[in-house]
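# Residue-level structural notes
Given next are the chains, with one letter for each unit.
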Amino acid sequence: MTDQVRVRFAPSPTGALHIGGAHTALFNWLWAKKMGGSFILRIEDTDRERSTRAFEQSILDGLRWMGLDWDEGPDVGGDFGPYRQAERLHLYKKYADELLDKGLAYKEGEAVLFRVPTGDVLHLSDKIYGEIEIKSEKASVNQDGSVKDIVLIKSDGMPAYNYAVVVDDHCMGITCVIRGEDHLANTPKQMLLYRALGLPMPEFAHLPMILGKDKKKLSKRHAATSVFDYNDLGYLSDGIFNFLALLGWSPGNDLEIFTREEAVRFFELSNVTKKAAVFDTDKLNHINQAHLKAMPSQKRLEAIRPFWVEMGLPVENFSDSYLEKALELMGGRGQTTKELAEFSDYFLSFEPVKERYDAKELTDETRETIRRFFTALFADTEWKADNLEAFARSWSEENSVPLKIIAMPLRWILTGRKVSPGVFEVTEALGKEECRKRITHYGLL
């Protein structure tokens, strides 16, 4: 063991990085950063049928998208490697032989099993769940309650989970095992193995479960299956990071929106609750929207651009400065990058406006009124939002026409939407000729 804090995230490469795994990785990363320690990535690939390098790469990519960098791992190396379990089989054999030599384990065919002792009491001081005591004979039981010996090496030569993590965590100098509450039942088994091997035990911290809003275990019904799905749905990695950090922990002072740096500064394992956390998509949307709104203009544009391209909008026809200004005008509208791209489509093309709006609700009388207004508007008005609004208010008053009678049709004609940023700001941004084109299309100029 070392004096430096060393924590690990140890996924099985049998699928993409899901929300539960990302949550566990994030809390390990936060604790390592908070304590100036090391965050280790270990790949538990002993399931030879289901483990693939493609899934492993997907997990690495998911962690990088989340901004969770690791100090040691299969791709960056380190002094405690190798970092894939399939490359550490000699270590599992070494410690299994030691238990066999001590008479604490026995062979059953090609498998090696640890004989669970009885009559002892195990004491666990979990950093989140507190003090837990369990009788050794209750650490591993069959369905009928009888003692079940612990498999160390399976008949195919691969180590069993509860044994491999003990060997790996010891050999890698892990000082605190931070993992999901679903592993709490495994901890007594592992404690028995630490003790039998005469190894110092790390600290343990079991994170709260994540439930859906219906208080049932998180599933595809409640959330996307992987963090990449959220990227495709238009969520920012900063938003996902912020939201997941709040599942079971709070920085205090009612602080809900924060950066990675602030999360590290405020994080304490002792403040993690054991109460199950609820995955609330509405809250995720609120948090993501706040991060989207706070993004620098250029960075926001780069996040939105792929969705405009996907929508078939002619992004290449516009300068970055125009597109950045358009997004600035959108203000806080749109909870995801995908939604913001959809809400702002009219800045790039008139086609979606025509699809959404046909102007059929305009009566002949209204048409005549707004036609007179538009004719006057285009006559000599300087094409700036303040001037356009001042002219509209003046014309409205002089002609005894409520402002909304001319402003609402203008909004629909330019955007195809009932709600948009300030209509005169949109009018200025689109430019005089583009506005003329759209108004003319509806026969109102």
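Residues numbered from 1 in each chain as written. Predicted model: local features only at pLDDT ≥ 70, side-chain atom pairs only at ≥ 80, totals over all residues. Heavy atoms only, no water.

### Observations regarding the overall build of the chain
- A tally of regular secondary structure across the chain gives 18 helices and 11 strands.
- Relative to its length of 445 residues, the chain is extended, with a C-alpha radius of gyration of 30 Å against a globular reference of 22 Å.
- When the backbone C-alpha atoms are referred to their principal axes, the chain occupies close to 100 × 40 × 40 Å.
- Here the chain holds 445 residues, and the buried ones make up 49% of them.
- Sequence-distant contacts in the chain: of pairs separated by 6 or more residues, those separated by 24 or more amount to 72%.
- Surface summary for the chain: the accessible area is close to 20600 Å², and the carbon and sulfur share equals 49%. (Helix = DSSP H or I, 4+ residues; strand = E, 2+ residues; numbered from the N terminus. Rg over C-alpha atoms; globule rule 2.2 N^0.38 Å. Buried < 20%, exposed > 50% of the residue type's maximum accessible area, 1.4 Å probe, protein only. Contact = heavy atoms within 4.5 Å. Areas by Shrake-Rupley, 256 points an atom, 1.4 Å probe, with all protein chains shown as cover.)

### A look at the pairing of strand β8 (residues 176-180)
- A large share of β8 lies buried, amounting to 5 of its 5 residues.
- Relative to strand β9 (residues 203-207), β8 runs parallel, the two being bridged by 5 bridges. Looking at the pairing, Ile178 lines up with Ala205 of β9. (Pairing = 2+ DSSP bridges.)

### Concerning the environment of Glu268
- Residue position: Glu268 is located in the loop between α8 (260-266) and β11 (277-278).
- Distance in space between the C-alpha atoms of Glu268 and Met35 is 9.6 Å, their sequence separation being 233 residues.
- Here Glu268 is in contact with Trp31, Lys34 and Trp249, once residues within four sequence places are set aside.

### What to know about the state of the cysteines
- The full count for this structure, using the stated rule, is 0 disulfides.
- The thiol of Cys176 is unpaired, and the distance to the nearest cysteine sulfur, on Cys171, comes to 18 Å.
- Residue Cys176 is classed as buried on the basis of its relative accessible area of 1%. (Disulfide = S-S within 2.5 Å.)

### Topic: the sheet that holds strand β3 (residues 105-108)
- The strand order across the open sheet formed by 3 strands is β3-β4-β7, and the pairing between neighbours is antiparallel. Every interior strand has two partners, whereas the edge strands, β3 and β7 (150-153), have only one. On average, each strand axis in the sheet is inclined to that of its neighbour by 40 degrees, with strand direction left out of account.
- In this structure, strand β4 (residues 111-114) lies alongside β7, joined through 3 bridges in antiparallel fashion. Bridged to Val112 within β7 is Ile153.
- Across the face of the sheet, helix α3 (residues 89-101) comes into contact with β3, β4 and β7 while running at roughly 110 degrees to β3.
- Packing against the sheet, helix α5 (residues 187-197) makes contact with β4 and β7, and its axis sits at approximately 60 degrees to β7. (Axes fitted to C-alpha atoms, helices over the stretch in contact; angles between N-to-C directions.)

### Structural notes on unusual backbone geometry
- Backbone torsion omega between Gly81 and Pro82 reads 0 degrees, so that peptide bond is classified as cis.
- On the secondary structure map, Pro82 appears in the loop between α2 (53-66) and α3.
- Phi is positive for Ala359, close to 65 degrees, though the residue is something other than glycine.
- Along the chain, Ala359 falls in the loop between α13 (351-356) and α14 (364-380).
- At Ser400, a position not held by glycine, the phi torsion is positive, near 55 degrees.
- With respect to the helices and strands, the residue Ser400 is situated in the loop between α15 (385-398) and α16 (403-415).

### Here we look at helix α18 (residues 432-441)
- Every buried residue of α18 is listed here: Cys435, Arg438 and Ile439. The buried residues of α18 occupy one face: seen down the axis, they fall within an arc of 95 degrees.
- Next to the buried residues of α18 lie α13, α14, α16 and α17 (423-430). (Arc of directions from axis to C-beta.)

### A closer look at the side chain of Arg88
- Among the structural elements, Arg88 can be located in the loop between α2 and α3.
- Within the structure, Arg88 has its side chain in polar contact with the backbone oxygen of Phe80 (distance 3.4 Å).
- Once you skip the residues sitting within four places of it in the chain, Arg88 turns out to touch Phe80, Gly81, Pro82, Asp168, Cys171 and Met172. (Polar contact = N/O pair within 3.5 Å; in protein donor to acceptor, adjacent residues only side chain to side chain.)

### Re the environment of Asp144
- Mapping Asp144 onto the fold places it in the loop between β6 (130-135) and β7.
- You can call Asp144 exposed: its relative accessible area is 65%.
- In terms of polar contacts, Asp144 uses its side chain to reach the side chain of Ser146, at 2.6 Å.

In short, geometric facts, not functional conclusions.
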